[in-house]
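Examining the three-dimensional arrangement
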Amino acid sequence: MASVTYEHVYKRWGDVVAVNDLTLEVADKEFMVLVGPSGCGKSTSLRLLAGLEEITEGIIKIGDRVVNDVPPKDRDIAMVFQSYALYPHMSVYDNMAFGLKLRKVPKAEIDKKVKEAAELLGIAQLLDRKPKALSGGQRQRVALGRAIVRNPKVFLLDEPLSNLDAKLRVETRANISKLHKRLGTTFIYVTHDQVEAMTMADRIAVLKDGILQQVDSPQNLYNYPANVFVAGFIGSPSMNFFDVTLVEESDTGKLYVDGGSFRLEVPPDKAETLRKYKGRELIFGIRPEDIHAADFTPPGFFQVPMKATVDVTELMGNEIFVYGLTGGKQFIARVDPRTSARVGEEIELRVNMDNMHLFDPETEVALV
């Protein structure tokens, strides 16, 4: 198996910079997910590694080998695309065996590898079928099987679940994670779906406009986002943001986040670090799951009261999404399903300020 290294990689098309100074190291056997909105450069970064696009500047290594000028077929990678790209006139067996036949692999070895991969993916009973006789999930497993039989150093997966329905996506997501553990191979997975990224990755690389924003474990990205973009992109529903001023109460020395229509006390353990920003206008971020209904607030955190008018409610079964209004600004709270929240009424909330975030409005970089 092998690690993958991007060193100051650029990809330009005329004036358009699709990948901008990408420096990233993917460890051997790691499951790395590249995530970001459409047009952020994640698929282009994958295609540069695969050799399907030419690098404008920089170095890409697979293991210790620089592959900038190595043809795709000699890079020892296997790629699974969003479109399954199966040959419609061939059986499942022949689709999976085709790449090995081109490499003149002995027939007995091909048969062994195809049947092992089919067993691993639970499609052994489908080997004689044509792609048109398969469901979307089965076709995706055939595409994965075609990659597995090659036993590559690196698997590249470009939004492989996009064409599946919601239930099948959850199942296939779990199957790909199991597959990674069983194969012990380096996986690089591209998606715009942050739920896929959070549930599958060892580490996540977040991109925006071709620029790498942050690389870290899913939990650290969630807890310690580096900037406003990462904070808003990771988490569902996304983080709430408010324009605030950090103010100090003269008689007590307590710090408050002042949003005009609300005033929330900063926990004492954060106050000393943030005191140097008092009087400044900042961006305050709080996740929906850190805003609770007053009657159903769990213990064990620094909770601060806040009032809001209920604008919309969405009952999700195990929770309610309450869209609240404060000072004309809408935000989302994830509250206990027993909460009584009627549209147009005022609701009493409790904010978990232990999990507050503050960002510089000019640079959008996290301060806490």
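One can find the structure itself at the top, above this paragraph.
Residues numbered from 1 in each chain as written. Predicted model: local features only at pLDDT ≥ 70, side-chain atom pairs only at ≥ 80, totals over all residues. Heavy atoms only, no water.

**Focus on the sheet that holds strand S17 (residues 320–326)**
Spelled out, the test is: At least two DSSP bridges between two strands are needed for those strands to be called paired. Numbering of helices and strands starts at the N terminus; helices are DSSP runs of H or I of at least 4 residues and strands are runs of E of at least 2. A fitted line through C-alpha atoms represents every axis, and for helices the fit uses only the stretch in contact; the resulting angles, taken between N-to-C directions, go from 0 to 180 degrees.
Strands sit in the order S15-S19-S16-S17-S18 across an open sheet of five strands; the sheet is antiparallel. In this open sheet, the two edge strands, each paired with only one partner strand, are strand S15 (291–293) and strand S18 (329–335). Put simply, the sheet's adjacent strands are angled 50° from each other on average, direction ignored. Two strands pair when backbone bridges link them, and strand S16 (residues 303–315) and S17 are joined in this way by six bridges, in the antiparallel orientation. If you follow Val 312 over to S17, its bridge partner there is Tyr 323.

**Remarks on the sheet that holds strand S13 (residues 263–265)**
Strand order in the open sheet made by the five strands is S13-S12-S11-S14-S20, with antiparallel pairing throughout. Every interior strand has two partners, whereas the edge strands, S13 and strand S20 (357–359), have only one. Neighbour-to-neighbour, the strand axes of this sheet turn through a mean angle of 40°, independent of strand direction. Taken together, the three bridges between strand S12 (residues 255–258) and S13 define a ladder with antiparallel strand orientation. Note that in S13 the partner of Asp 258 across the bridge is Arg 263.

**Examining unusual backbone geometry**
Phi is mostly negative for residues that are not glycine, and the peptide bonds are mostly trans. Put simply, the rule reads: Three exposure classes are used, based on accessible area relative to the maximum for each residue type with a 1.4 Å probe and protein chains only: buried under 20%, partly exposed in between, and exposed over 50%.
That bond from Ser 236 to Pro 237 is cis: its omega, -5°, falls within 30 degrees of zero. Along the chain, Pro 237 turns up in the loop between helix H8 (228–233) and strand S11 (240–248). Look at His 8: it is not a glycine, yet its phi comes out positive at around 45°. On the secondary structure map, His 8 appears in strand S1 (residues 4–13). The class for His 8 is partly exposed, based on a relative accessible area of 48%. One non-glycine residue with positive phi stands out, namely Asn 151, at about 50°. Structurally, Asn 151 is set in the loop between helix H4 (136–148) and strand S7 (154–158).

**Here we look at the side chain of Glu 319**
Threshold: Contacts are assigned to residue pairs that have any heavy atoms within 4.5 Å of one another.
Assignment of secondary structure puts Glu 319 in the loop between S16 and S17. Each residue touching Glu 319, except ones within four places of it in the same chain, is listed here: Glu 314, Arg 334, Val 335 and Pro 337.

**Here's the deal with the nonpolar core**
Operational definition: Here, nonpolar core means buried Ala, Val, Leu, Ile, Met, Phe, Trp, Tyr and Cys residues that are tied together by side-chain atoms lying within 4.5 Å of each other.
Counting residues in each nonpolar core, the largest one holds 47 residues, and the members touching the most others are Met 96, Val 114, Leu 157, Ile 176, Tyr 189 and Val 206. Core analysis: the second largest hydrophobic core is formed by 32 residues, Ala 271, Leu 282, Ile 291 and Val 304 among them.

**Focus: the pattern of salt bridges**
Where we set the bar: Whenever Lys or Arg places a side-chain nitrogen within 4 Å of a carboxyl oxygen from Asp or Glu, that contact is recorded as a salt bridge.
Scanning the entire structure with this criterion turns up 21 salt bridges. Notably, a salt bridge pairs Lys 115 with Asp 111, separated by 3.2 Å at the nearest N-O pair. With Lys 115 and Asp 111 both in helix H3 (residues 107–121), this residue pair falls four residues apart, about one helical turn. Judged by relative accessible area, Asp 111 falls into the partly exposed class, the value being 26%. Across the pair Glu 248 and Arg 275 runs a salt bridge, and its minimum N-O distance is 2.5 Å. Here Glu 248 is found in strand S11, whereas its partner Arg 275 is found in the loop between helix H9 (268–274) and strand S14 (281–286), with 27 residues between them in sequence.

**Some points on helix H5 (residues 166–183)**
Put simply, the test is: Multiplying one less than the number of residues by 1.5 Å gives the expected span of a helix. What the arc covers is the set of directions going from the helix axis to the C-beta atoms.
With 18 residues, H5 extends 26 Å from end C-alpha to end C-alpha; this agrees with the ideal 26 Å at 1.5 Å per step. Residues Arg 169, Thr 172, Arg 173, Ile 176, Ser 177, Leu 179 and His 180 constitute the buried set of H5. In a view along the axis of H5, the buried residues occupy a sector of 160°, so they form one face of it. Exposed and facing more than 90 degrees away from the buried side of H5 are Lys 167, Lys 178, Lys 181 and Arg 182. Packed against the buried residues of H5 are strand S3 (31–35), H3, H4, S7, strand S8 (186–191) and helix H6 (194–200).

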